[in-house]
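# Residue-level structure breakdown
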Amino acid sequence: MVRMGPDVPLLNEYKQEFFWKRFPQTVLGGPRFKLGYCAPPYVYVNQAVLFLTPWLFGGFGTLLSQLQLLQELHAAVLSGILMCGAAAGVQALALYAARRSGTVERLGASNILVDEEEVEFTHCVSTETVRFIAPGKRFGLNVVLHTVLAGVLCGFGTWYVFLGRLTALYGSIGASLVVFVLSWVTLCIAEYSLIVNTATETATFQAQDTYEITPLTRPLYIFIFIAVDLADRYSDAVPELHLASQVLHVLFLFLPLLWAFGILPPLDALLLWGMEQTLVFGLGGSPMSSNLRLLLMFGVSAGVAVCNYFIPSTLGVVLLSTAMGFLLSLDLSQVGTLCRGSRSAFGDRELLRGGPSPPPPTSFGWNLGCREVLLYLSLLLVAMVEAGVLHHFIGSAQSRSLITGPQAPVSYLLLILFCLCWALREIQGAYVFGGVFLNPLYPKGMSNVHIFKQRNRGLYIAAAIRRVLIYLVFPFAMIAFLAMDKSLQLLHTVSLSVGFTRAFRVGWQSSEDALLQMVVVILVRLAAGNNVLPGWDDLGTGVQLLLVGLLFDRVTQFLAKLKFTLTVLVTSWTEKKQRRQSAGTLLALNASLCPLVLAVVIVSALLSAPLLPLFTLPIFLVGFPRPQRSWPGPVGTACPCPDSVFYQQMSGSLACALRTAFARGSLGSLAPGSHFLGRFQDRMVWIMILERGYGYCTVNIKGLELQETSCHTVEARRVDEVFEAAFERPERLGFTQGFNLHWGNALTPCAALAVRVYSDARNVLSGIIDSHDNLRKLQDDFMKALIWLLLRYCVQKHKGFLWSSEEVSAVGGMKSQSSQLAQTTSNQPPEAVMVESNVSSIRFRQDSSSLTSFGDWSDEDDLFGPQPARRTVALVTAEAQSGHATLQMGASLPGSVEMDSLFENMALSALQPLQPLGLGIGMPAVDKGHNSEVFGERSGSLPHLNFSCPQSEVFNLPKGWRTAPLLPSRLLSLRPLFPEDWFRFTLGRFGPAVQGATSEDMTKALKEDEALKELHIHVALSCLISLGAESAFTSPSYVYRLYCGDVPWTEGLAWLSSSKELYQLTLQAFRFSFKLLFDQASLGPMESPEELFSTLEEYERDWYIGLVTEKGWHDSVLQEKPFLFSLGHDLTMGTYTGRVLTLQEQLVQVGRLNGEGVRGQWANLSWELLYATNDDEERYSIQAHPFMLRNLTVQAADPPLGYPIYSSAPLHFPCL
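Since this is a predicted model, take the numbers as computed values, not measurements.

### Let's talk about the overall build of the protein chain
When its secondary structure is counted, the protein chain shows 43 helices and 15 strands. Counting across all 1216 residues of the protein chain, residues that qualify as buried make up 55%. Expressed as a percentage of contacts within the protein chain between residues at least 6 apart in sequence, the contacts between residues at least 24 apart total 77%. Accessible surface, the protein chain as shown: approximately 50,600 Å² in total, 65% of it carbon and sulfur.

### Details of the pairing of strand S13 (residues 1135–1153)
Of all 19 residues making up S13, 15 are buried, and the element is well covered by its neighbours. Of the pairings in the sheet, the one linking strand S5 (residues 675–680) to S13 comprises five bridges and is antiparallel in character. Residue Phe676 lies in a different strand from S13, and its bridge partner there is Arg1152. Two strands pair when backbone bridges link them, and strand S8 (residues 747–764) and S13 are joined in this way by 17 bridges, in the antiparallel orientation. Bridge pairing in S13 links Val757 to Gln1144. Here eight bridges tie strand S12 (residues 1123–1130) to S13, and the two strands are oriented antiparallel to one another. Within S13, the position partnered with Leu1127 by the bridge is Gly1138. Counted along the chain from S12 to the antiparallel partner S13, the turn is four residues long, and its residue Gly1134 has a positive phi close to 70°.

### Concerning the pairing of S12
Across the eight residues of S12, six count as buried, placing the element largely inside the fold. Pairing between strand S11 (residues 1103–1106) and S12: four bridges, direction parallel. Across the sheet, residue Trp1103 finds its bridge partner in S12, namely Phe1123. Assessed by its sense of winding, the connection that carries the chain from S11 through helix H41 (residues 1111–1118) to S12 is right-handed.

### Brief notes about helix H9 (residues 239–251)
Between its first and last C-alpha atoms H9 spans 18 Å; for 13 residues at 1.5 Å apiece the expected length is 18 Å, and the two agree. Buried residues of H9: Ser245, Leu248 and His249, and no others. Seen end-on, H9 carries its buried residues on one side only, within an arc spanning 105°. Opposite the packed face of H9, turned more than 90 degrees from it, sit the exposed residues Pro239, Glu240 and Leu243. Turning to H9, the residues buried within the fold contact helix H5 (140–160), helix H6 (163–170), helix H7 (173–195) and helix H8 (217–234).

### Brief notes about the nonpolar core
By size, the foremost hydrophobic cluster in this structure holds 125 residues, and its most contacted members are Leu414, Leu658, Phe662, Leu667, Leu677, Val699 and Phe1213. Setting aside chain neighbours within four positions, we find Leu414 in contact with Ala477, Met478, Phe481, Leu515, Met518, Val519 and Ile522. Judged by nonpolar contacts, the second largest core, of 77 residues, contains Tyr793, Leu974, Trp982 and Leu1067.

### Here we look at the pattern of salt bridges
With the rule as written, the count across this model stands at 35 salt bridges. One salt bridge in this structure joins Glu1010 and Lys1013, with 3.0 Å as the shortest N-O distance. Linking Glu1010 with Lys1013, this pair stays in helix H36 (residues 1010–1026), spanning three residues, or about one helical turn. In this structure Lys1013 comes out as buried when scored by relative accessible area, which is 6%. Each member of the salt-bridge network shares a partner with another, and the members are Glu980, Asp981, Arg984, Glu1010 and Lys1013.

### Some words on the packing of aromatic side chains
Under the defined criterion, the tally for this structure stands at 46 aromatic pairs. Ring geometry for Phe437 against Phe739: centres 5.0 Å apart, planes inclined by 45°, an arrangement best described as tilted. Linking Phe437 in strand S2 (residues 437–438) with Phe739 in the loop between helix H27 (710–727) and S8, this pair joins segments that are 302 residues apart in sequence. According to the relative accessible area criterion, Phe437 is partly exposed, its value standing at 34%. On the basis of relative accessible area, Phe739 is assigned to the partly exposed category, the value being 32%.

### With respect to the packing of helix H19 (residues 457–483) against helix H20 (residues 494–509)
Packing of H19 against H20 brings their axes to within 8 Å, and their N-to-C directions diverge by 165°. When the axis of H19 is compared with that of H20, the two are roughly antiparallel. Of the two elements, H19 crosses H20, and the hand of that crossing is right-handed. Contacts between H19 and H20 pair Pro475, Phe476, Met478, Ile479, Leu482 and Ala483 from the former with Phe500, Ala503, Phe504, Gly507 and Trp508 from the latter.

### So, unusual backbone geometry
A cis amide bond, omega 10°, links Pro1199 with the succeeding residue Pro1200. Among the structural elements, Pro1200 can be located in the loop between helix H43 (1190–1196) and strand S14 (1206–1207). Phi is positive for Thr616, close to 60°, though the residue is something other than glycine. Secondary-structure assignment places Thr616 in the loop between strand S3 (611–613) and strand S4 (620–622). Positive phi is not limited to glycine here, since Ser630 has a value of about 75°. Taking the relative accessible area as the measure of exposure, Ser630 reaches 5% and is therefore buried.

### Focus on a nonpolar patch on the surface
Together, Val250, Leu251, Phe254, Leu257 and Phe261 make up a nonpolar patch on the protein surface, roughly 430 Å² of accessible area in all. Within the secondary structure, Phe254 is located in the loop between H9 and helix H10 (255–260).

### Here we look at H7
For H7, which comprises 23 residues, the first-to-last C-alpha distance of 32 Å matches the rise-based estimate of 33 Å (1.5 Å per residue) to within 8%. For H7, the N-terminal cap is Ser172; the gap from its side-chain oxygen to the backbone nitrogen of Ala175 is 3.5 Å.

### Concerning the environment of Leu1107
Along the polypeptide, Leu1107 turns up in the loop between S11 and H41. Judged by its relative accessible area of 6%, Leu1107 is buried. Here the alpha-carbon distance between Leu1107 and Tyr1043, two residues 64 residues apart in the chain, equals 8.5 Å.

### Side note on the state of the cysteines
Counted by the stated rule, this structure contains zero disulfides. With no disulfide of its own, Cys1215 lies closest to Cys697 among cysteine sulfurs, the gap being 4.9 Å. A relative accessible area of 0% places Cys1215 in the buried class.

### With respect to the confidence of the model for the protein chain
Confidence along the protein chain averages 82 in pLDDT terms, with 81% of residues attaining 70 or more. Of the regions scoring below 50 in pLDDT, residues 103–114 engages in 18 contacts with residues more than four places distant in sequence or in other chains. Taken as a whole, residues 803–940 scores under 50 in pLDDT and shows 251 contacts with residues more than four places along the chain or in a different chain.

### Observations concerning the environment of Arg629
One can find Arg629 in the loop between S4 and helix H26 (644–664). For Arg629, a relative accessible area of 8% puts it in the buried group. Those residues in contact with Arg629 that sit more than four places away from it in its chain are Met288, Ser289, Ser290, Asn291, Val635, Met688, Leu690 and Trp1162. Within the structure, the side chain of Arg629 is placed 2.5 Å from the side chain of Asn291, a separation counted as a polar contact.

Reading the values: the criteria
Residues numbered from 1 in each chain as written. Predicted model: local features only at pLDDT ≥ 70, side-chain atom pairs only at ≥ 80, totals over all residues. Heavy atoms only, no water. Helix = DSSP H or I, 4+ residues; strand = E, 2+ residues; numbered from the N terminus. Buried < 20%, exposed > 50% of the residue type's maximum accessible area, 1.4 Å probe, protein only. Contact = heavy atoms within 4.5 Å. Areas by Shrake-Rupley, 256 points an atom, 1.4 Å probe, with all protein chains shown as cover. Pairing = 2+ DSSP bridges. Right-handed = clockwise from strand over helix to strand, strands pointing away. Expected span 1.5 Å × (residues − 1). Arc of directions from axis to C-beta. Core = buried A, V, L, I, M, F, W, Y, C linked by side-chain atoms within 4.5 Å. Salt bridge = Lys/Arg side-chain N within 4 Å of Asp/Glu carboxyl O. Phe/Tyr/Trp six-rings, centres within 6.5 Å; stacked < 30°, edge-to-face > 60°. Axes fitted to C-alpha atoms, helices over the stretch in contact; angles between N-to-C directions. Parallel < 35°, antiparallel > 145°, perpendicular 65-115°, else oblique. Left-handed = near helix turned anticlockwise from the far one by under 90°. Patch = residues over 30% accessible without salt bridge, like charges linked within 9 Å, V, L, I, M, F, W, Y side chains within 5 Å. Polar contact = N/O pair within 3.5 Å; in protein donor to acceptor, adjacent residues only side chain to side chain. Disulfide = S-S within 2.5 Å. pLDDT = per-residue confidence, 0-100.

So this is what it looks like as structure tokens:
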């Protein structure tokens, strides 16, 4: 991304024109009065007539009622019937026009281009005119439903705004006339949106309206207003209802503005938000990680409250509330997963690994074993016994005074526990008192994980004490307080039933929050003393706790939103790169309208809605209420790329570290909807809390892109500065150094977590790969590595650790089952790695002058350096499938169009549908007789080898490997290149491995077997010639091509490529030899054959040496190979680079983000992309902002609006 200046247009000219055509349509409910081109007058007249039709019918009914020709009810019914008939006529015309047009197009399909295309109108009722004005419905059921609903809405709306009713409410004919006229504007807008043409809503939750729910949104809100009025009409004189009806009649006039500004949520968001708010604050639950879980939990929790209302015995209510509160606070949906073990909890990781994962955690809670079941049953039993006994023997005799009654000791105990727990939690993080002051007890320095853990040992003890208090003391103390409460005797009212249902549950669901709420109630009672607070005491303890919890949540939201507001306001001027020309004007407006801005913040906090900064400027609106997750889709959607594997690998270890941090309180108070940011090297991890209950937490882990853009880099640098100020501070802090200098930033550092991750080291190989001394050594190292691999291959085959040659994958780099099992323990036989190649087709290897030469042939070839090895689409597709099929790969012709891919460069001409009759270009011509079948026949006529040692048969090589079409004289001339001493030494080391017992005579016989030696000389030298390496390497570009598997055409290439196993071993040997070159240039030469042998063993056991683009690299990261090495070429700099990944435990720095700032920016992102369609990659709202972390926040949004490269499914892990 090219970072633009602060005055980049908020909307480009095209989008501005589009927006100013769409917004009036939204305000009016659908009529298109601004088209952007000339249209006949009847187009506007027809829309105006349809818009005013409900008012005509309603006015006719009102007139008949005012003239006393019809009663109010009959007049309303007549208006509804007329509107229903008109709606049916409009739908019939729309259906007729669609059939006449004859276009194969689904009615009502969402198409943004429809707003832009010019329509040629012929006459006022032509097909084009009708389809333009009334596109019709998508489903037949909606045609009927919306038509009937339009009539019902018009009838009830007429009744709602009768002049007689308005005069009775306000007692003034003038006020009634104003309300009457403006109310019909609201009704006409809703009717037009429902039946004629639905406008695009600014409050958009779903990216696509699949089931046509949007037309129902505006009528629904009108029905809510009408329902309140009906309740006032037909109920006894209730002052509150009458006042509400008066207020709502006035608010009814402003509904078009609320719809236009997107304050009222769509139906789906309203339903989910309402259930979530009721579940959390009314029933004591937690927000859920999915819509289905929310629906089920809401139903069960509401059922418990209903049961409590009808149970006659207060003791039964106490027992049921205690039991169900404990059970519902557990993660019961994961019982099946826990019974199968924690390995299945991360089953997606195992499946993608293609091999076994590390051993699952054995700490408490990861498996639902006997100890977990026993603990949970014991807690349940003790809680029920405690509640029942205290309520039965003490609750009925409770004194009205908190100071002298039985509740007094428990009350003082709760106060002491709260203070102690707060202090223990505060010292766990890097900052104290809301992130204002540095914590002097937190360890300094992040250089070493072991030292950090040692320094943190004292905090671990404090965390253990806090954990015992939260999970084993708090719930029982709160149950004792509730069980002895006197208001339980007055339980059988709706408010008290709901209040105590919530109170008994929230003590388990969120113990810290429940304790805070209970402490506030106790302090109020202690402050009142023996005095009675008339309004407060009549509510009962359960409702008091409910109100305190709701108030505390709204106050917390208000403070977070206020901090976000101040950050946007101040940085719009202080940050020069954020200062637009309009910054001064906007600041002056905000200052002059300060009460209005404060009111917007308060309203958004009361509604628990995001505070929306328009285009992330200091223009604040109230976003529509939505669930805490902010997005409607399932959790776990991402835009994957090759770098996603690093986040996938670390997600399991990070989950274990988060589990420990949550249990210790290192990350502060955990509330669903909290956001955290983790940083390690070039990796950014976005963590969101989805659920929280007793002993468990559910999170979503997202990984942000590693290829940093300029905006990403600016914000990442600021993140590093914020973390350095918290964790890399000096040992002695001065007075001014103890403050958090980045308090205004959206990120507040919390803690450092020890996580097993790959550290990434990249080195420029200048002076290594271009050194002639090193290159001359490469040939000898290649021969030694090849001999080692050939002998090891024989040992593995003898012990049964290899698949048969027919089952070996040509491309996929798939490892044998036994070799995969060997990765878990070091004392088992090492695996036989099949190194990947960039090609696999035998036919292609025989018919081309290079293994990938024609894949690299393009009009943009670099004449001064090698091209990176391209991988065709067919190869990448095959790697994702079974690796046993032989691929047919085409070539890229000169002039063909090519595209960049996530998996390196892919030629479009390699797509199989574009290959005419199996495109294959051979150069030079190769005799088709020299194919694998002929080699097979020749191998059958080979003379039998007479080994002098019986054990030599173990080290015999397949017959096909001896059939290289090379002259014996050529092999003889290269015989000095074969290291006979190394061969004997390696044979002596491998010999005991197949003999079962060490025998010096047998080993000596193996070393002196000339036939065995000649066999390996023949095969090794044949491979050397086939790679074109019979002369010393002199060119770094040639080394790079061989490393990538792009072998130039040689005389023996067809023979080598015909044997998949031998080709893989040869390529692996070359890569091993290059790694030896790299290590010896960095660390010094090998001192002895023993050191070389152990080094090769280490390469085979602990390393993956290949290319980043290979599937084996991806699999090795997921299998957590200790080390990975890759060779790369930077075409822009003209340098070769070595990349080493090392798996080790590192400290990942984690900080808490301002959750309201994140929700506000996501709300603006949703509005800007879904409504204003401002998808410009250089738009202002995606530019770097060091304080708001705007670019990172946009990345972390769910697709299609955001683009995280990794997003985990909801991860459930224990916190006990």
